[in-house]
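# Structural description and commentary
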Number of protein chains: 2
Amino acid sequence: MNPEELIAIAQAAGRSALTEAEAKQLLAAYGVPVVTEETVHNAEEAAGRAEVMGFPVVLKGLGTKLTHKTERGLVRLHLRDREEVLTAAGEIANAAAGDLEGFLVQPMLAGKREFVAGMIRDERFGPAIMFGLGGVYTEALRDVTFRIAPLEATEAAYMPDELNASAMLGRFRGEEAADREEIVRVLTGLSRLAMAHPSVAEVDINPLIVGPDGRVTAVDALIVLGGAELPAAPPRDLSFLVTMLAPRSIALVGAKRAQDGRWQNLMVMITSYGYTGRLYPINPRADEIEGVPSYPSLRELPGPVDLVIVAVAAPLVPAALEDCIATGNKNVHIFAAGFKETEEEEGLRLQKEIEEIAARGVLHVMGPNCMGLFNPALRLATWISPPTRTGSVAFISQSGGHSGDLAVLAARSGLYFSKAISYGNALTLDSTDFLEYFKHDDATEIVCLYLEGVRDGSRLVREVADINRHKPVIIMKGGLTESGARAVASHTGSLAGGAHLWEALFRQTGAVKVSSLKEMTDVLLAFRHLGVPAGRRVAVLGTGGGIGVWAADSFARAGLELPVLTEETQSDLRAFIPDAGNMIKNPVDAGIAFTDFTMLERALRAIAADPLVDAIVVTIHLDWTFNFATGKYIEALAGYLAGPAREHTAGKPYLVSWQRYRAGAGIEQAETILYETLIAAGVPLYEGLPRAASALSKVVAYHEFQRARCPACRESF
Amino acid sequence: MNPEELIAIAQAAGRSALTEAEAKQLLAAYGVPVVTEETVHNAEEAAGRAEVMGFPVVLKGLGTKLTHKTERGLVRLHLRDREEVLTAAGEIANAAAGDLEGFLVQPMLAGKREFVAGMIRDERFGPAIMFGLGGVYTEALRDVTFRIAPLEATEAAYMPDELNASAMLGRFRGEEAADREEIVRVLTGLSRLAMAHPSVAEVDINPLIVGPDGRVTAVDALIVLGGAELPAAPPRDLSFLVTMLAPRSIALVGAKRAQDGRWQNLMVMITSYGYTGRLYPINPRADEIEGVPSYPSLRELPGPVDLVIVAVAAPLVPAALEDCIATGNKNVHIFAAGFKETEEEEGLRLQKEIEEIAARGVLHVMGPNCMGLFNPALRLATWISPPTRTGSVAFISQSGGHSGDLAVLAARSGLYFSKAISYGNALTLDSTDFLEYFKHDDATEIVCLYLEGVRDGSRLVREVADINRHKPVIIMKGGLTESGARAVASHTGSLAGGAHLWEALFRQTGAVKVSSLKEMTDVLLAFRHLGVPAGRRVAVLGTGGGIGVWAADSFARAGLELPVLTEETQSDLRAFIPDAGNMIKNPVDAGIAFTDFTMLERALRAIAADPLVDAIVVTIHLDWTFNFATGKYIEALAGYLAGPAREHTAGKPYLVSWQRYRAGAGIEQAETILYETLIAAGVPLYEGLPRAASALSKVVAYHEFQRARCPACRESF
């Protein structure tokens, strides 16, 4: 019977799952090695087959209504002769009562190591493939890893090493290392099965046994039906985004005059930032607003504009959208809040209403409940005091606050935006649509995202993986528990919280994960200026204050290494650092080097020449340094680190960190000088070693990922 | 045979371990439930015993040279009749070759759940007790927890829940929950065994099986001999510390005049801070230094001083110590570096030399390689620009840099020191000695430690646990890999890295763990001002900018809860917060409340009255708030939060957090005003919600620990 037939028969019988025998047949069709087994009708037949098969055997009760067989006492292991098979068959028949339809006879496999593999369908990410630790510990330990389907062999090959228990896949207690290729075949087989059969809702192979010879066998399997394919998003022409995101004309529906109130309005923000396109305020009760001639309605405009911003109260939004349709306006930013984000009846109703209107009019909607577009090249912003410079960072944010905040925060580190988009409730346009746009936007070199949810997770994975090869993608995921809560029948399902699937996204795309806007800026700074580190080995040059231990701990926590410098480097350093001893091994605790640039240069050159060193971190104890020449020295030091030091580090990635403990205007001024000098020169600068270590480690990991998965991409980077 | 005899016989025979049968006998004597078993001499006898015992049985080869029995094929499970026992015995005899001395016959225990328990002796912490996940996964998963002995039942009872796999101890796949009391008896039995028999180096019970009825049985055990008791530190009279740490007279050996050099010398630092005691500079080539009459040698002083500070170069230190002995000076701070911390030959030699001198002269030595004592009440400091106020925080630090840095950093948060001690290489005085002092120091209410190593870890555990009951102890442990590398024979040993034992210290003392000086200050601030939170439930009141999701994530990461506010509270808030919806559930995103104190007061009162709320966090988006009345508003807001708000929060712990993204002098000034106003008023203030959440969660966890382990202590706190 072919897979389609197997499933069709079960569906026709109204069954919610395949029998164990059917499940294994289906899996075998997708290349999963399953245990040899025979279906028999009665005890006598079971005993006969067992004799042919060879003892010991496993006997299981079989029936379309029999799931959770272990719990019901329908599985008997280690049966060693004919008589035991007959006894077990009798006991199983009793336990199964009327539901028994036959028996399954299997050889009893040897193998200390049990794993679990499976597939679930998530409402956002679609089919996801799981690999994990099996046996009695499966649910107690939840040692699992996921990938979003479709899953290729090259990607599946990473999954085994992601388990805490991955050591069990090597040689283990006298047994051979597991056959990795066979595990990969199981996982990719599950992926192909999921893609080919939308009606399969869940698959659970538990246990997947690794034998003494390392071979892998599916011993038990559950396949739940009732899955439904997510309606595939129709291929969409997104070319309108070129106009919508660089609008040369804007109509602002609901434009208001400046008020005395504390919150400034959108009209004031747009005009005061100096929007360079044509702006049409729409307000039925005004002739001009902020000196700009205004119109009573969209219908009075000479024609459609590139972007309509709807800034009226939520209940008035439906009418405004109808106006858009009537006037041929397609590109809309709904600024107003008061929709589904309120989680209240009225808001949910309004969201449904505008959803219907947008679909009917084929509108392209940013929002509602969002700040919309920031385009510094056109001087378009919807908040107060945005930076005016343009740059190469794009930000796609589900939160409007984060969008404005990152723009001003990044500017303090000399990082500027090509565009930022706050898209709120994602009525029609979701993060993935904007990603596609930035993939082709020449002005954008790095893409940041702040995501809470996603509509089509599978497409997001594909887009992120693709764009990340050439433009690093940095993602802050808000909401630890998003998705996740679903009623499921399988282990795989109960192990698949939303967090696992988001984790899968990071693992298979190589996107950089951050947890705050500050960290996002730290990582941006490193990507913007560092170049490509050759590896994880870091040398730290700094001044005292427990710096040695703190540096070692900080870099170890970030997964980087501080190798002991070569004898040659140590001897170079010893030549001019007195009482060197332990202080020149790495980190190099050379206070003296910071009092004399000649020595600092010698130290940097010696470290940079060390073949064990992939990146260099200079760390400054600002209080100590401030004590030299009451701060004047810091100015000179900053100048050195911003300029000549770059030549003395042999082109290796080079970062500076500082810490300050004392307060006071003098030392604050010194800090500002250090900060401004280095940032202006493009030297990544961090407060404290942990932040430097974390940012550097993420850049290293990014390039490791790309080198491993896409060797060709590195060249084009 | 009693335990002493068992061990003595094995030792007399020169054996490095007990046999399995002996090991179980010894364990049984300490209350560990062991499997029934019989020792027999040959195959025939084994089969006979098995018949009496009942099948199935386990057969093991026995012999004084036979360890790692599974790997050598000397263990046979599931033997079900006489014939199988005879066959297995033959195979075992072959595998063991000449080393076989007999067999062990055991009933084959049913039980899906396998754990491991054991004991090792660490060179710093002494005996430590382990509990972990057993079976085939033991070493692959390393799911273990430790305690430093001696271990009481009340403390052992916490260990099972610390495993990742703790769910397996509840009802599990049709089997009863594990007998917790029996597990506790195993662990405390191991502790008593360790304390009673110093010659037992390691104990390994693997597996410790939990049966279907929940009963616990040690099925296999290894006991390694060759342990040696750490020489117990003689009870020490530390009363000299009262004088040494508040010295009214100091001799500074190696006092120098001020130089032009960049580093200031000790004489200048001590005099410029205004030491209030009698200072005797010692320098053979001067009559006065910095205006203070000086002496050529300690021998010329009228008598002993309260403290001698030795600030000569390392090679001259031995002679200076001899002078101390000759003049009856006992209390010495060795400032000089250049000893074992250099890890070089000369430094190690010098360290040995001064160790011998100090022991001979019974000197009390702080150092070498340290900043020594900071006593602001006496105006004694050994670094530049220390704070002049005194406070209630004590700091014991192995790093001199950290000591000075924390003092100035904490001062910025309005936190001041009673004393700080930097003790470097801990020649005679270690952290624990100073802890004992601060336990009885009335001026000290909170104790901070920065530790890299420890000499007597067991005593440290006792002291920290004791003082922490009344004065919170906050510890930063530097050096992730300290201790740990040892040759061991048991699972327990291979699972006991140094990190596990330091973790045990935190778990059993309830000391607060931090990983940077900044975090130490954050936690100090919370302890200093917060009072006792009743639980983990927090309400957050703040202004927009993705605050909702970020707040929920930040507090969840810190292990705190954000309960949905009661209907009553929500309805109170809805009365004056327009378009409330989702924004009043918690966090309360009420921008409007921050524009009007009347509303802010109403919001705070409503939240504080909610019975689900244990603590309140107000969070300020400084950029947004700065936009009102160009910053003037922040001044008023700070005043409200520092004063009236305290009355509107119903005595519940109350913290403020802020974040700023924009740069600029105006907003920096606003930040300073907010900071200074709140700190002066004793309101804990944090940059960013994650820091506020982390600090609060540590205070909550501290009080939870004390409430659970020492209900009586809370009253006296």
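### Details of the overall build of chain A
- Summing up its helical and strand segments, chain A has 26 helices and 28 strands in all.
- Considered along the principal axes of its C-alpha atoms, chain A spans approximately 95 × 80 × 40 Å.
- Expressed as a percentage of its 717 residues, the buried residues of chain A come to 58%.
- Contacts in chain A between residues far apart in sequence, at least 24 positions, make up 73% of those at least 6 positions apart.
- Put simply, chain A shows about 26900 Å² of open surface, and 52% of that area lies on carbon and sulfur atoms.
- Charge separation in chain A, taken as the distance between the mean sites of 68 positive and 87 negative side-chain charges, equals 3 Å.

### Brief notes about the sheet that holds strand β21 (residues 446–451) of chain A
Residues and elements named next belong to chain A.
- If you trace the six strands from one edge of the open sheet to the other, you get β18-β20-β19-β21-β22-β23, paired in mixed fashion. Either end of the sheet is taken by a strand with one partner, and the two such strands are β18 (372–374) and β23 (512–514). Looking at each pair of strands side by side, their axes are set apart by 20 degrees on average, direction ignored.
- Pairing of strand β19 (residues 390–397) with strand β20 (residues 417–422) involves six bridges; the strand directions are parallel. Bridge assignment links Ile396 to a residue of β20, and that residue is Ile421.
- Sheet strands touched by helix α14 (residues 457–468): β21 and β22 (473–477). Its angle to β22, the strand with the most contacts, is close to 140 degrees.

### Section: the packing of aromatic side chains
- Throughout the structure, instances matching the rule amount to 24 aromatic pairs over all chains.
- When the ring of B:Phe374 is compared with that of B:Phe417, the centres are 6.3 Å apart and the planes differ by 55 degrees; the resulting orientation is tilted. One end of the pair, B:Phe374, is in strand β18 (residues 372–374); the other, B:Phe417, is in strand β20 (residues 417–422), with 43 residues separating them in the sequence.
- Between the aromatic rings of B:Tyr437 and B:Phe438, the centroid separation amounts to 5.1 Å while the plane-to-plane angle is 80 degrees, which identifies the pairing as edge-to-face. Exposure class is identical for B:Tyr437 and B:Phe438. Each is buried.
- Chaining the aromatic ring pairs together yields one cluster made of A:Tyr273, A:Phe374, A:Trp383, A:Phe395 and A:Phe417.
- The lysine or arginine in question, A:Arg379, covers the ring of A:Tyr273, its NZ or CZ lying 5.3 Å from the ring centre.

### A few points about the pairing of strand β24 (residues 538–542) of chain A
All names here are of chain A.
- Counting buried positions over the five residues of β24 gives five, a clear majority of the element.
- Neither face of β24 is open: one carries Val538, Val540 and Gly542, the other Ala539 and Leu541, and all of them are buried.
- In this sheet, strand β26 (residues 615–621) lies alongside β24 in parallel orientation, the contact comprising five bridges. Each bridged residue has a counterpart across the sheet, and for Leu541 the counterpart in β26 is Val618.

### Re the confidence of the model for chain A
- Residue-level pLDDT values for chain A average 90, and 93% of them are 70 or greater.
- Contacts of residues 482–488 of chain A to residues separated by more than four positions or lying in other chains number 17 contacts, the stretch itself having pLDDT below 50.

### Quick notes on the relation of the copies chain A and chain B
- It takes a turn of 180 degrees to lay chain A on chain B, together with a shift of 0.1 Å along the axis; the resulting RMSD is 0.1 Å. The transformation just described matches what one would write down for a two-fold rotation axis.
- The residues that chain A uses at the interface reappear at the interface of chain B in 100% of cases, marking a shared surface.

### Quick look at the sheet that holds strand β4 (residues 102–107) of chain B
Residue and element names in this part refer to chain B.
- Pairing within the open sheet is antiparallel, and its four strands lie in the order β1-β4-β2-β3. Lying at the two open borders of the sheet, with one neighbouring strand each, are β1 (38–40) and β3 (75–79). Here the strands of the sheet are splayed against their neighbours by 25 degrees on average, with no regard to which way each runs.
- Where β1 meets β4, three bridges bridge the pair, whose relative direction is antiparallel.

Parameters at a glance
- Residues numbered from 1 in each chain as written.
- Chains lettered and ligands numbered in written order.
- Predicted model: local features only at pLDDT ≥ 70, side-chain atom pairs only at ≥ 80, totals over all residues.
- Heavy atoms only, no water.
- Helix = DSSP H or I, 4+ residues; strand = E, 2+ residues; numbered from the N terminus.
- Buried < 20%, exposed > 50% of the residue type's maximum accessible area, 1.4 Å probe, protein only.
- Contact = heavy atoms within 4.5 Å.
- Areas by Shrake-Rupley, 256 points an atom, 1.4 Å probe, with all protein chains shown as cover.
- Lys, Arg positive; Asp, Glu negative; His and termini not counted.
- Charge placed at Lys NZ, Arg CZ, Asp CG, Glu CD.
- Pairing = 2+ DSSP bridges.
- Axes fitted to C-alpha atoms, helices over the stretch in contact; angles between N-to-C directions.
- Phe/Tyr/Trp six-rings, centres within 6.5 Å; stacked < 30°, edge-to-face > 60°.
- Lys NZ or Arg CZ within 6 Å of the ring centre and 35° of its normal.
- pLDDT = per-residue confidence, 0-100.
- Least-squares fit on C-alpha atoms with pLDDT ≥ 70 in both.

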